[in-house]
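Here are the chains, one letter per residue:
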Amino acid sequence: MRLDFVFSQFIRTKKLNGLSKKTINVYESFVGQFICYIGADIDIYSLNQEDLENYIVYQVERNISRNTFSTYIRHFKIFIRWVCDNFNVNFTYKSIKVPKSTKKVVRVYSDPEIKQIFDSIHYQVEWIEYRNKAIISFMLDSGIRQGEVCSLRASNVFTELNRMSVYGKGNKERIVPLGRQSVLFYNKYRSLCPFNSEMAFVSKSGDPINNNAVKLMVSKLSKRLPFDISSHKLRHNFATNYCLDMYFKNGNIDIYRLMIILGHEDISTTRRYLHIANEIIASSECLSHLDKVFDI
């Protein structure tokens, strides 16, 4: 049985599981490199454990970052595990170790920096300027993903209730909060927009806005600022500030509530923001034993 046929069956299974087109493309890209390395026409039953190890060594010797290497091996292992579960092959996934990715420090924007972000959003067409402000505010104030912005329908934005319904990974629906400032930006954009679309956000030609357009808009905005921003950094900031605001308001942090808002399936993914928030809280309290010793 040819390896390329097995791979096509693997991709078909992922599609039947309802994975997004973007996720499918990721599998095709990262696992596809293994197919190219081994050979698409090789028989799956002629492969052995040494072949798998040789591929891992090949990735180790490439000039790629630790995070990229980790991503390749993680997707590779998922594929190999699927093959082992569905075919009686001469190798196993159990000895494949996925290295941990390096943890990047999340930059939390200060309040003046957040205002600077919105002050830097300019466009010669007024409705597009307010559209861009609304998009940035939705990601920064509600934590929704770039793709969720593009797929958001106007009928799912409940401005009078300060919330909206979004469809995330796996086409799963969830309710997220919508701040008053975000509502102001959004209502202004909708009142000025010359197109009556069922989608929440449209391009200058009236078509539904796409990921590339949002990515380009955020990238241009980042160049006007003295610090980096991206769609994902805005989401990180929402999550961290949500923890901080909850702590200073209630004295505790409900990480499960945040997990639901972000659309995470695993609490360990959300726990990262709890850790970052606690670091900020601990450092802001500035408890110095040395200052106490010297009575400063």
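Model, not experiment: these values are computed from the prediction.

**Some thoughts on the overall build of the protein chain**
Then comes step 1: If you tally the helices and strands in the protein chain, you get 13 helices and 3 strands.
Then comes step 2: Evaluated residue by residue, the protein chain yields a buried proportion of 43% over its 296 residues.
Then comes step 3: The contacts in the protein chain between residues at least 6 apart in sequence include a share of 61% that link residues at least 24 apart.
Then comes step 4: Put simply, the protein chain shows about 17300 Å² of open surface, and 51% of that area lies on carbon and sulfur atoms.
Then comes step 5: Taking the average place of the 41 positive charges on the side chains of the protein chain and the average place of its 29 negative ones, the gap between the two points comes to 3 Å.

**Section: the side chain of His264**
Then comes step 1: By the secondary structure assignment, His264 is in the loop between helix H11 (255–262) and helix H12 (267–285).
Then comes step 2: The class of His264 is buried, set by a relative accessible area of 16%.
Then comes step 3: There is a polar contact of 3.4 Å between the side chain of His264 and the side chain of Arg235.

**So, the nonpolar core**
Then comes step 1: With 55 residues, the main nonpolar core has Ile136, Phe138, Met139, Tyr186 and Phe201 as its most contacted residues.
Then comes step 2: Among the elements that take part in this core, helix H6 (residues 126–142) stands out by supplying 8 residues, more than any other.
Then comes step 3: Setting aside residues no more than four positions away along its own chain, Met139 makes contact with Ile144, Gln146, Val149, Val214, Val218, Ser231, Leu234, Arg235 and Phe238.

**With respect to the sheet that holds strand S1 (residues 157–158)**
Then comes step 1: On the basis of which strands lie adjacent, the open sheet formed by 3 strands has the order S1-S2-S3 and antiparallel pairing. Bordering the open sheet on either side are S1 and strand S3 (173–177), each of which pairs with just one other strand.
Then comes step 2: Pairing geometry for S1 and strand S2 (residues 163–167), over 2 bridges, is antiparallel. Its bridge partner being in S2, Val157 is matched across the sheet by Met164.

**Notes on the packing of aromatic side chains**
Then comes step 1: Throughout the structure, instances matching the rule amount to 25 aromatic pairs.
Then comes step 2: Judged by centre distance (6.2 Å) and plane angle (25°), the rings of Trp127 and Tyr189 are stacked. Of this pair, Trp127 sits in helix H6 while Tyr189 sits in helix H8 (residues 180–192), and the two are 62 residues apart along the sequence.
Then comes step 3: Take Trp127: its relative accessible area is 9%, and that puts it in the buried class.
Then comes step 4: With 6.0 Å between their ring centres and 75° between their planes, Trp127 and Phe195 make a pair best called edge-to-face. Here the residue Trp127 occupies a position in helix H6, and Phe195 occupies one in the loop between H8 and helix H9 (211–223), the gap between them amounting to 68 residues.
Then comes step 5: Assessed through its relative accessible area of 31%, Phe195 is described here as partly exposed.
Then comes step 6: In this structure an aromatic cluster arises from ring pairing among Phe7, Phe10, Tyr27, Phe34, Tyr37, Tyr55, Tyr58, Phe76, Phe79, Trp82 and Phe87.
Then comes step 7: Seen from the ring of Tyr130, Lys133 lies directly overhead, with NZ or CZ sitting 5.4 Å from the centre.
Then comes step 8: Positioned over the ring face of Tyr130 is Lys188, at 5.8 Å from the centre of the ring.

**Here's the deal with unusual backbone geometry**
Then comes step 1: Despite not being glycine, Asn162 has its phi angle at roughly 55°, a positive value.
Then comes step 2: Position of Asn162 relative to the elements: it lies in the loop between S1 and S2.
Then comes step 3: Asn162 sits in the partly exposed class, given a relative accessible area of 29%.

**Concerning helix H1 (residues 3–16)**
Then comes step 1: With 14 residues, H1 should cover 20 Å at 1.5 Å per step; its first-to-last C-alpha distance of 20 Å lies within 8% of that length.
Then comes step 2: Those residues of H1 lying buried are Leu3, Val6, Phe7, Phe10, Ile11 and Lys14. Relative to the axis of H1, the buried residues are bounded by an arc of 140° and lie together on one face. In H1, those exposed residues whose orientation departs by more than 90 degrees from the buried face are Lys15 and Leu16.

What counts as what
Residues numbered from 1 in each chain as written. Predicted model: local features only at pLDDT ≥ 70, side-chain atom pairs only at ≥ 80, totals over all residues. Heavy atoms only, no water. Helix = DSSP H or I, 4+ residues; strand = E, 2+ residues; numbered from the N terminus. Buried < 20%, exposed > 50% of the residue type's maximum accessible area, 1.4 Å probe, protein only. Contact = heavy atoms within 4.5 Å. Areas by Shrake-Rupley, 256 points an atom, 1.4 Å probe, with all protein chains shown as cover. Lys, Arg positive; Asp, Glu negative; His and termini not counted. Charge placed at Lys NZ, Arg CZ, Asp CG, Glu CD. Polar contact = N/O pair within 3.5 Å; in protein donor to acceptor, adjacent residues only side chain to side chain. Core = buried A, V, L, I, M, F, W, Y, C linked by side-chain atoms within 4.5 Å. Pairing = 2+ DSSP bridges. Phe/Tyr/Trp six-rings, centres within 6.5 Å; stacked < 30°, edge-to-face > 60°. Lys NZ or Arg CZ within 6 Å of the ring centre and 35° of its normal. Expected span 1.5 Å × (residues − 1). Arc of directions from axis to C-beta.

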